[in-house]
Amino acid sequence: MRNIITTFILGFITMAVQGQTEITGRVTDGRGGPVIGANIFIVNSYDGTSSDAKGAFNFSTSEQGSQLLRVTCIGYETYETPVGLSAEKLNLSIPLIEKVDRLEAVVISAGSFTAGEESSREVLKPLDIVTTAGATADVAGALNTLPGTQKVGETGRLFVRGGEGSETKTFIDGIEVLNPYSSSAPNTPGRGRFSPFMFSGTSFSTGGYSAEYGQALSSALVLRSKDVPDETRTDISLMTVGADVSHTREINAGAFAGKLQYTNLTPYFEAVSQRIDWERAPQSMEGNFMLRKELTQKHELKLYSNFSWSDFVIYQPTILDESIKDKIDLTNNYQYINTSLKTIVNNQWSVLSGISYTNSIEKIKLNGEKNNEREEGVHIKTVVANDVSEKFSLLLGGEHFIRSYTYENAALPDERPGFDLDLTAFFAEADLYTSNRFVSRAGVRAEYNWMQNRFYAVPRLSVGYKTGENSQMSVAYGQFNQTGRNDLVRVKNNLEDEEADHYIINYQREENGRTFRIEAYYKNYNNLIKFTQAYNPESYTNSGEGYARGVDVFWRDNKSLKGVDYWLSYSYLDTERDYRNFPSYAVPSFASGHNFSAVFKYFINSLKTQVGGTYSYSSGRPYNNPNLDTFNSEKTADYHDLSLNASYLLKSNIIVHGSVTNVLGLDNIFGYESSDRPDENGQYVLKAVKQPASRFIFLGMFITLSKDKSVNQLPTL
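Numbering of residues begins from 1 in every chain and follows the order in which that chain's sequence is written. Per-residue local features of the predicted model are confined to residues with pLDDT of at least 70, and side-chain atom pairs are confined, for both listing and counting, to 80 or more; whole-chain, interface and lining totals are unaffected and use all residues. For side-chain calculations, the full set of non-hydrogen atoms in the structure is used, while hydrogens and water are omitted.

Describing the confidence of the model for the protein
Test applied: pLDDT measures the predictor's confidence residue by residue and takes values from 0 up to 100. Throughout, a contact is declared for two residues whenever any of their heavy atoms are within 4.5 Å.
Confidence in the prediction for the protein averages 88 pLDDT; 91% of positions are at 70 or higher. Long-range and interchain partners of residues 12-17, a stretch whose pLDDT sits below 50, account for zero contacts in this model, where long-range means more than four residues apart. Overall, residues 116-122 carries pLDDT values under 50, and its contacts beyond four positions in sequence, including any with other chains, amount to 20 contacts.

Here it is, written out as structure tokens:
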């Protein structure tokens with residue numbers, strides 16, 4: 001009996017083994033490497049296993065016939081294949097496709113610095129914009145500590161990679177801003193018209209930017225207005241240069257905020273010696289208003305407006321005889337309003353439409369002679385975005401610009417140079433993620449300039465590749481065009497757009513609170529405006545050209561030194577142009593070959609104080625000495641500036657803030673102006689362009705009134 005049972009069991013086992021199918025194989029990723037821990041199983045059965053360190057697997061199944069084999073693994077798309085099970089051994093090779101996760105995927109960083117609350121790869125945070133010593137809470141001032149920019153202290157504007165200040169365009173919520181800098185006296189720096197406190201994000205591109213943005217040869221500065229905080233509060237600021245008050249109020253499904261500011265430098269100039277002879281120091285009145293309202297769950301309305309008035313009167317000595325002074329009386333009125341509506345159509349489609357209006361009137365009296373300048377513009381824009389899939393997204397849009405510019409000179413009442421410009425543009429751009437490591441972006445922008453009766457079509461292309469877990473490389477190429485400056489186009493309206501090609505290669509590494517970035521670029525300028533006689537339209541052509549090339553390096557570290565956050569930036573620039581009234585190729589007077597900035601910030605908990613400092617260096621800039629044969633052959637001395645600031649938490653809702661620029665009082669020279677004719681010795685006289693004062697000292701007290709007594713303005717100082 002025992003033998004019969006044993007024989008039966010052995011027979012059953014033999015039949016069972018003979019009825020099973022052995023499945024072996026290897027699971028690999030897109031590059032042929034092993035995928036560890038992948039689950040391999042027969043659907044609707046308990047038969048399966050996991051891949052080992054080499055991606056190999058082996059299991060047996062008693063299932064028979066046609067079955068479905070499934071392979072799953074985190075980070076990869078599910079793999080399925082039909083298998084025929086007939087007790088024959090199967091050997092499978094299973095390639096898995098990496099699943100694209102845009103939060104972890106490579107981003108295109110060539111030519112782009114991003115700062116914003118929503119960015120996971122930001123280089124500068126919004127807080128950095130307003131706590132950088134020497135920036136005096138000016139957006140352009142803070143961005144001038146980044147590589148690719150340089151100090152042009154007599155203007156305060158953004159000069160990017162060998163480009164003029166006018167080659168950088170400013171956009172708010174994607175809508176263009178005309179004349180974004182406040183008016184200033186000759187050879188004194190102006191400030192941006194828009195307070196950084198009103199924006200939550202900043203995208204600063206030094207080249208190769210999206211096809212969505214046009215009419216900028218060198219750079220695009222995109223500011224994203226705040227989603228007004230859902231709290232009611234009042235902020236009061238008392239400063240050595242004026243005062244302001246702002247109020248934010250929560251409303252049903254939204255909020256609004258308003259700010260009024262009055263600035264008068266008269267008391268400050270009486271206390272601190274100035275090099276400029278002011279009859280009436282600069283004074284200004286400025287107001288900002290913001291509204292955010294969710295109309296429905298799918299529609300959000302934003303409105304932003306800014307208005308300002310400013311004026312001053314100075315006496316400026318003539319170069320040949322400093323005892324003779326020109327009286328300059330300037331008044332500026334400025335209005336800007338921007339409204340946009342965002343619609344979420346569904347999980348894939350969204351539409352953003354907006355319109356802006358700008359009106360800037362500048363009245364200048366030069367020794368009593370009136371010179372009025374007016375620029376008015378409307379920008380209408382619609383952008384449609386579609387996330388077709390995890391791997392592919394599309395951006396489409398159209399926009400129309402209307403600009404009107406006039407210049408009046410009382411001495412020439414019959415002449416009123418100016419222009420009316422209409423421009424229609426369409427753009428399309430697509431992002432394609434081949435994997436988490438590789439993304440490509442291709443775009444095209446088409447513009448029709450109705451004033452010139454000319455059509456422009458320019459391509460943009462960028463590629464990003466993740467070289468490691470924390471590092472990546474990007475390359476970018478693009479063509480860019482921009483209508484010439486107002487003071488040139490008003491002389492001859494039908495000048496063609498100036499053009500530039502950008503070539504950029506970038507490497508970036510971010511790890512443990514440290515960021516290293518190096519970027520090389522080459523820009524080729526064509527069609528630049530050139531003339532031989534300033535007021536003769538016949539002498540104006542688009543025959544100018546030039547180039548700019550260089551390397552930018554950036555290092556930021558907020559981990560190595562406890563409590564210290566610092567960044568270093570260096571830029572090398574090699575550029576020449578033959579444009580405007582240049583007799584030949586030469587380095588422009590605004591360009592310096594080497595620029596370096598070091599910024600540090602340290603919060604001392606025991607003192608409830610944040611201190612900061614910025615050191616800036618620029619090598620000498622060229623200037624023209626008409627007494628010499630070679631154009632722009634002379635150079636200024638190198639520029640140095642050390643600025644410091646500190647913020648003290650007096651009470652939980654009161655901050656005391658102070659800053660000093662050029663602490664060492666160095667006598668920096670930005671360039672030289674020459675007389676328009678020789679003196680009695682037959683020599684042209686040169687006059688140095690210097691800072692309006694050795695230092696600028698700022699003190700302020702910032703008070704916040706709210707239900708939550710701990711709320712203060714420290715995040716915005």
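Concerning the sheet that holds strand E7 (residues 90-95)
How we decide: In this scheme, strands are said to pair when DSSP sees at least two bridges between them. The helix count covers DSSP runs of H or I at least four residues long, the strand count covers runs of E at least two residues long, and both are numbered beginning at the N terminus. Here the axes come from fitting lines to C-alpha atoms, over the contacting stretch only for helices, and the angles between their N-to-C directions go from 0 to 180 degrees.
Sheet architecture is open: three strands sit in the order E4-E1-E7, paired in mixed fashion. Looking at strand neighbours, the two that pair on one side only are strand E4 (56-61) and E7, the edges of this open sheet. If you compare each strand with its neighbour and ignore which way they point, the axes differ by 25° on average.

Structural notes on the nonpolar core
Selection criterion: Nine residue types can take part in a nonpolar core, namely buried Ala, Val, Leu, Ile, Met, Phe, Trp, Tyr and Cys, and a core is a set of them joined through side-chain atoms within 4.5 Å. Note on exposure labels: buried denotes an accessible area under 20% of the residue type's maximum, exposed denotes more than 50%, and partly exposed covers the range between, all computed with a 1.4 Å probe on protein chains only.
Formed by 23 residues in total, the largest nonpolar core has its most connected members in Leu-158, Ile-172, Phe-194, Tyr-304 and Tyr-336. Breaking this core down by element, the ones donating at least two residues are helix H3 (139-143), strand E12 (175-177), strand E13 (199-205), strand E14 (219-225) and strand E20 (325-344). Of all the elements, H3 adds the most residues to this core, at three residues. Sequence-distant contacts of Leu-158, defined by excluding residues within four places in its chain, comprise Ala-140, Leu-143, Asn-144, Thr-149, Glu-164, Gly-165, Thr-168, Tyr-181, Phe-204 and Leu-221. Formed by 17 residues, the second largest nonpolar core is a distinct cluster that contains Ile-42, Leu-69, Leu-85 and Leu-96.

What about the environment of Ala-385?
Following the sequence through the fold, Ala-385 ends up in strand E22 (residues 369-386). Its relative accessible area of 25% is what places Ala-385 among the partly exposed residues. Spatially, the C-alpha atoms of Ala-385 and Gly-30 are 30 Å apart, while their sequence positions differ by 355 residues. For Ala-385, the residues in contact, after removing those within four places along its chain, are Gln-348, Trp-349, Ser-350, Leu-394 and Leu-395.

Considerations on the pattern of salt bridges
Rules: Any Lys or Arg side-chain nitrogen found within 4 Å of a carboxyl oxygen on Asp or Glu counts as a salt bridge.
The tally for this structure, following the rule as stated, stands at 35 salt bridges. The shortest N-O distance in the salt bridge between Glu-511 and Arg-509 comes to 2.9 Å. Looking at Arg-509, the relative accessible area reads 34%, which means it is partly exposed. Through salt bridges with shared partners, a single network forms among Glu-164, Arg-485, Asp-487, Glu-498 and Arg-580.

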